[in-house]
Amino acid sequence: MLTLLHNAEIVNEGRRFKGSIVIDGQFISRIFDESTPEAGDVSGLEAALTSADRVIDCEGSLLMPGVIDTHVHFRDPGLTEKGDIETESRAAVAGGVTSYIDMPNTRPATVTREAVDNKIKRASEVSAANFGFFIGATNDNLPELLDTDYTRVAGIKLFLGSSTGNMLVDDPDTLATLFSKAPALIAVHAEDEAIIRASREKLLEECGGSIPVERHPDVRPRSACVEATRRAIDLARRSGAHLHICHISTADELQLIKEAKAEGVKVTAETCPQYLLFDRNDFDRLGARIKCNPAIKDSSDRIALLRELLPGGVIDTIATDHAPHLLSQKEGDALTAASGMPMVQFSLRAMLELLDTESELQTAGPERIAELMAHNPARLLGLDRRGFIREGYYADLVLLEPSSPASIPSKVTDAEVAGRCGWTPLAGMSLTPKVRTTFVNGTEAYDRGTFATPHGSPLRFTSGTASDGKE
Ligand code: DOR
Ligand code: ZN
Ligand code: ZN
């Protein structure tokens, strides 16, 4: 079947131009650039208009490559009261996310090839978006990690600090061997366990037993992040392994990574919308809803992170760390309330909105968001024919209405959350750009509130790409 997306505002590879796209089955078969009369192939477009089985009028809408979210926790198997692959992948496509990589802290933990195979099998049946999985490192599963086929598995996830699921790897010899032998990308949760433990003890004493949730950034202080990131960079420097630092939350780590990159260490950097939207003052308003690990830090960290999103900045990718918990599990104090928040459904809209509201991003446009959320994730993982709007590539696309008609409220509500947890930390926030349609492998996985029968495919990886995130 031929579908023509007619007269869209196409955002791709640093450009924004008026154009049309032909989808043939799963793939993009033609791109018509109508930005200049010379570039336009008028007769070709006319022929496409006649031969298309259907024409979708995209006038006034942005067409971007679908988001590739390289960091989600979909809770399947074992924690499915919070969410599962079916519900969370629906949330993904409702937010313009066409591919995701799920983390191993499920029950059982994904620390064997068999556990990965089980996830792939389950996702093949129920996932609305394309899917991939990290295999988790433990203190004793090195043989398993070395025997893994990294064309089917995204890479290795390493918790240098414990978080939900307690998958801490703390044996120095294991870490050194893992880095020196790793045949794939190592994605790291970088927080130092000893520093966290000491801060916790001190605060427990200071607060008399219960630490208020707004002190979470003191329980998991910046020094814990900086120390662990420094250690991880050191391991990468010695081994030559490709280190990917997840969810960066401090200005200090940005500096460390900048220096390491300049030195030639193979390191890439990820941050998440929550560290760009919130700072610790927001605990007053949002409480445990924004409690996550690493903790949300200071307003100066937020500003530094925003600045490093600009071209040439340290941040390579934006992922969500989508970590749904039930609101009932979010009750309690800094130690007892669950850590993590859902984000996959609103990440693209939130990032586009930040372009308008943050002066640090004044010089950036949606082209930069496409780079951070689709192109660079595809480069990072060496994804096969995804992440770009190119002829011959999979038609993984998102169509956005950049300005909502007055009749449609742009304020986010908990009621519109497609994931199982049923809430979002963004409730009440105005996000003007709206996802109209999300195409996964050429067909609408999501269209104005309706979901199609799931048809996500397993991702294929070539891995081992350049440290600067460029091809
Ligand atoms: O806040 C977090 N939540 N950080 C993590 O590292 C894990 C995640 C989860 O799975 O809940
Ligand atoms: Zn983490
Ligand atoms: Zn995570």
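Going by the structure above, here's the rest.
Source: prediction; values computed, not measured. Per chain, the residues get numbers from 1 upward, laid out in the order the sequence is written. Each chain takes a letter, starting from A, and each ligand takes a number, starting from 1, following the order in which they are written. Local features in this predicted model are restricted to residues of pLDDT 70 or higher, and side-chain atom pairs are both shown and tallied only at a pLDDT of 80 or more, whereas totals for entire chains, interfaces and linings draw on every residue. Hydrogens and water molecules were not included; the side-chain quantities draw on all heavy atoms of the structure.

I would appreciate a short explanation of the coordination of the zinc ion (ligand 3) in the present structure.
Geometry reference: four tetrahedral donors at a metal, ideal angle 109.5 degrees. Six octahedral donors, ideal angles 90 or 180 degrees. Distances decide who is a donor: an N, O or S atom must be within 2.8 Å of the metal, or within 3.2 Å for Na, K and Ca. Water is not included, so sites may look incomplete. Protein ligation of the zinc ion (ligand 3) involves His71 (NE2), His73 (NE2) and Asp321 (OD), the donor distances falling in the range 2.0 to 2.1 Å. Summarised as a motif, the one-chain spacing of the donors to the zinc ion (ligand 3) is H-x1-H-x247-D. Between the zinc ion (ligand 3) and the zinc ion (ligand 2), a spacing of 3.4 Å is present. Taken individually, His71 and His73 each receive the classification buried, so the pair is uniform in this respect. Exposure categories follow from relative accessible area, calculated using a 1.4 Å probe and restricted to protein chains: below 20% of the type maximum is buried, above 50% is exposed, and the middle band is partly exposed.

Looking at this model, I keep getting lost on the packing of aromatic side chains. Mind explaining?
Classification of ring pairs uses Phe, Tyr and Trp, with its six-membered ring standing for Trp, and accepts pairs whose centres are within 6.5 Å; under 30 degrees between planes counts as stacked, over 60 as edge-to-face, and the remaining range as tilted. What the rule picks out here adds up to five aromatic pairs. Summarising the aromatic geometry, the rings of Phe131 and Phe133 are spaced 6.2 Å apart at their centres and angled 45° between planes, so their arrangement reads as tilted. One exposure class covers both Phe131 and Phe133, and it is buried. Each ring, one from Phe388 and one from Tyr393, has its centre 6.2 Å from the other, and the planes form 90°; the classification is edge-to-face. The same class applies to Phe388 as to Tyr393, namely buried. Over the ring of Phe451 we find Arg90, and its NZ or CZ is 4.3 Å from the ring centre. Think of it as a cone above the ring: NZ of Lys or CZ of Arg counts as a charge over the ring if it is within 6 Å of the ring centre and within 35 degrees of the ring normal. Over the ring of Tyr394 we find Arg386, and its NZ or CZ is 3.6 Å from the ring centre.

What is the right way to look at helix α14 (residues 366-381) in this model?
Along an α-helix, residues three or four apart share an orientation, since each turn contains 3.6 residues. Its 16 residues give α14 an end-to-end C-alpha distance of 22 Å, which sits within 8% of 22 Å, the value for a rise of 1.5 Å per residue. Helix numbering and strand numbering both begin at the N terminus, where a helix is a DSSP run of H or I of at least 4 residues and a strand a DSSP run of E of at least 2. Of all the 16 residues making up α14, 16 are buried; the element is thus mostly covered by neighbouring parts of the structure. Phi turns positive, to about 60°, at Gly382, one or two residues after α14. Every helix has an expected span of 1.5 Å times one less than the residues it contains.

Is there a simple way to think about the sheet that holds strand β12 (residues 267-271) in this case?
The pairing of strands in a sheet happens through backbone hydrogen bonds and is either parallel or antiparallel. Whether two strands pair depends on DSSP finding at least two bridges between them. Here eight strands make up an open sheet; going across it, the order is β6-β7-β8-β9-β10-β11-β12-β13 and the pairing parallel. If you trace the sheet from one side to the other, it starts and ends with β6 (67-72) and β13 (317-318), each paired once. Relative to strand β9 (residues 155-159), strand β8 (residues 130-136) runs parallel, the two being bridged by three bridges. Residue pairing across strands places Phe134 opposite Gly155, the latter belonging to β9.

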